[in-house]
Amino acid sequence: MTNHPITQSPNHPISNLQSLLSHLRSAQRVVALTGAGVSAESGIPTFRDAQTGLWAKYDPTQLATPEAFARNPRLVWDWYEWRRALRRDTQPNAGHYALAALAKHVPHLVVITQNIDGLHQLAGSTDVIELHGNLQRNKCSRENIVIDRAAARPTADGLLACPHCGAYLRPDVVWFGEALPRDALERAFAESTQCDVFFAIGTSGVVEPAASLPRYAKRAGAFLVEINPEETPLSTIADVVLRRKSGEVLPEIVRRLESRD
Ligand code: OAD
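What counts, and at which threshold
- Residues numbered from 1 in each chain as written.
- Predicted model: local features only at pLDDT ≥ 70, side-chain atom pairs only at ≥ 80, totals over all residues.
- Heavy atoms only, no water.
- Axes fitted to C-alpha atoms, helices over the stretch in contact; angles between N-to-C directions.
- Helix = DSSP H or I, 4+ residues; strand = E, 2+ residues; numbered from the N terminus.
- Parallel < 35°, antiparallel > 145°, perpendicular 65-115°, else oblique.
- Left-handed = near helix turned anticlockwise from the far one by under 90°.
- Contact = heavy atoms within 4.5 Å.
- Nonpolar A, V, L, I, M, F, W, Y, C, P; charged D, E, K, R; others polar.
- Buried < 20%, exposed > 50% of the residue type's maximum accessible area, 1.4 Å probe, protein only.
- Pairing = 2+ DSSP bridges.
- Right-handed = clockwise from strand over helix to strand, strands pointing away.
- pLDDT = per-residue confidence, 0-100.
- Salt bridge = Lys/Arg side-chain N within 4 Å of Asp/Glu carboxyl O.
- Phe/Tyr/Trp six-rings, centres within 6.5 Å; stacked < 30°, edge-to-face > 60°.

1. A word on the packing of helix α7 (residues 94–102) against helix α11 (residues 246–259)
And then number 1: Their axes nearest at 7 Å, the elements α7 and α11 cross at an angle of 30 degrees. Our classification of the angle between α7 and α11 gives roughly parallel. The way α7 lies across α11 gives a crossing that is left-handed. Contacts from Ala94, Gly95, Ala98, Leu99, Ala101 and Leu102 of α7 reach α11 at Ser246, Gly247, Leu250, Pro251, Val254 and Leu257.
And then number 2: For the contact of α7 with α11, the per-class residue count stands at 9 nonpolar, 3 polar and no charged.

Written as structure tokens, this is what we have:
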């Protein structure tokens, strides 16, 4: 057995996979908070990466706010249709699959995701809290109820309308300025403050309230692990920082748990 230092962070002592593995072996409850970075290796752009991020190319206030939708529903709808097409052409990557596999090695594992792509579920994760909704679903923009695309009424201007009230359908995702789904948020806080190991994976850790979950977890006594090739505001409070891609390091963690290395 080797004490295998797999990364180093400028503000952090040499981190060590071995100590993570020993915490995982004794953990009862594990939380994995994921962000756009976990889907990057599937080919889905992140939000804040300087060159390739969605917000480097598009203005969120023109696309991801209720005001933008009221101003130009067609523009917003088409942008989400483009993201849906992008998502249909992608598959889960090794990181998604490894998280689904990790659930078999600990008594309780929940994935809390800020992603709206549904790739965790596609990879086999069964307990997934979606904080920002799901790209595949639509809801009535007036009544806030989920409506199947097949049940929607086409409108004269080429969009879809609610079969009950006639208001436009919109994607069932959280936009800037909107509240997160209450049940999801309450459960996310409860899971975070009760867990033994908390992973923050592929998230820049700057969008609230998700960004607070690792801090609550740490304060409640969890062992905090960050997986991200870049430094984030979480790096300085993490117990272990793995400066690698999630699609590489998560399978390695599962392999080593399985081999009892
Ligand atoms: P960001 O785009 O802010 O951050 C993505 C993070 O993933 C960055 O810190 C990258 O360094 C990291 N990353 C990139 N490739 C990676 C890889 N292969 N493995 C691991 N990490 C990698 O995305 P989020 O933190 O998810 O909200 O953004 C949070 C929210 O901001 C999103 O849910 C979205 C956005 O505005 C809404 O739309 C409401």
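2. Looking at the pairing of strand β12 (residues 223–227)
And then number 1: Taken across its 5 residues, β12 has 5 buried, putting it largely inside the fold.
And then number 2: Alternating residues of β12 divide into Phe223, Val225 and Ile227 and Leu224 and Glu226, and every residue in both groups is buried.
And then number 3: Of the pairings in the sheet, the one linking strand β11 (residues 197–201) to β12 comprises 5 bridges and is parallel in character. What sits directly across from Ile201, in β12, is Ile227.
And then number 4: Tracing the backbone out of β11, into helix α10 (residues 213–219) and back to the parallel element β12 gives a crossover that is right-handed.
And then number 5: Strand direction decides the pairing type here: β12 and strand β13 (residues 240–242), joined by 3 bridges, are parallel. The residue of β13 that forms the bridge with Glu226 is Val241.

3. Notes on the confidence of the model for the protein
And then number 1: For the protein, per-residue confidence averages 91 on the pLDDT scale, and residues scoring 70 or more make up 93% of the total.
And then number 2: The low-confidence segment residues 1–15, where pLDDT is below 50, has 37 contacts with residues more than four positions distant or belonging to other chains.

4. A look at the pattern of salt bridges
Side chains that differ in sign of charge can pair as their charged atoms come close.
And then number 1: Taken as a whole, this structure holds 15 salt bridges when the rule is applied.
And then number 2: Its salt-bridge partner being Arg84, residue Glu81 comes within 2.8 Å of it at the nearest N-O pair. With Glu81 and Arg84 both in helix α6 (residues 73–88) and 3 residues apart, the pair spans about one turn of that helix.
And then number 3: Judged by relative accessible area, which is 24%, Glu81 ranks as partly exposed.
And then number 4: On the basis of relative accessible area, Arg84 is assigned to the buried category, the value being 3%.
And then number 5: When the shortest N-O distance is used, the salt bridge between Lys139 and Asp172 registers 3.8 Å. Taken as a pair, Lys139 in strand β6 (residues 133–140) and Asp172 in strand β10 (residues 169–173) lie far apart in primary sequence, 33 residues in all.
And then number 6: Overall, the relative accessible area of 11% leaves Lys139 in the buried class.
And then number 7: Through salt bridges that share partners, Arg29, Asp127, Arg187 and Glu191 make up one connected network.

5. Description of the packing of aromatic side chains
And then number 1: Counted under the stated rule, the structure contains 8 aromatic pairs.
And then number 2: Where Trp79 meets Tyr80, the ring centres are 5.2 Å apart and the plane angle is 85 degrees; that geometry is what we call edge-to-face. No difference in accessibility class separates Trp79 from Tyr80, as the two residues are buried.
And then number 3: Ring geometry for Tyr80 against Trp175: centres 6.2 Å apart, planes inclined by 45 degrees, an arrangement best described as tilted. Separated by 95 residues along the polypeptide, Tyr80 in helix α6 and Trp175 in the loop between β10 and α9 (182–194) bring together distant segments of the chain.

6. Quick word on unusual backbone geometry
And then number 1: In this structure, the amide linkage connecting Glu208 to the following residue, Pro209, adopts the cis form with an omega of 0 degrees.
And then number 2: By the element assignment, Pro209 lies in the loop between β11 and α10.
And then number 3: Its identity as a non-glycine residue notwithstanding, Asn144 has a phi of 65 degrees, on the positive side.
And then number 4: For Asn144, the position within the fold is in the loop between β6 and β7 (146–147).

7. Re the sheet that holds β13
And then number 1: On the basis of which strands lie adjacent, the open sheet formed by 6 strands has the order β5-β4-β3-β11-β12-β13 and parallel pairing. A single partner strand is all that each edge strand has here, and the edge strands are β5 (128–130) and β13. Across the sheet, the axes of successive neighbouring strands diverge by a mean angle of 15 degrees, strand direction being ignored.
And then number 2: Relative to β11, strand β3 (residues 29–34) is paired through 5 bridges, and the arrangement is parallel.

8. Some details on the pairing of strand β4 (residues 108–113)
And then number 1: Counting buried positions over the 6 residues of β4 gives 6, a clear majority of the element.
And then number 2: Across the two faces of β4 the burial is the same, with His108, Val110 and Ile112 and Leu109, Val111 and Thr113 all buried.
And then number 3: Two elements, β4 and β5, share 3 bridges in a ladder whose sense is parallel. Note on β5: the bridge partner recorded for Val111 is Val128.

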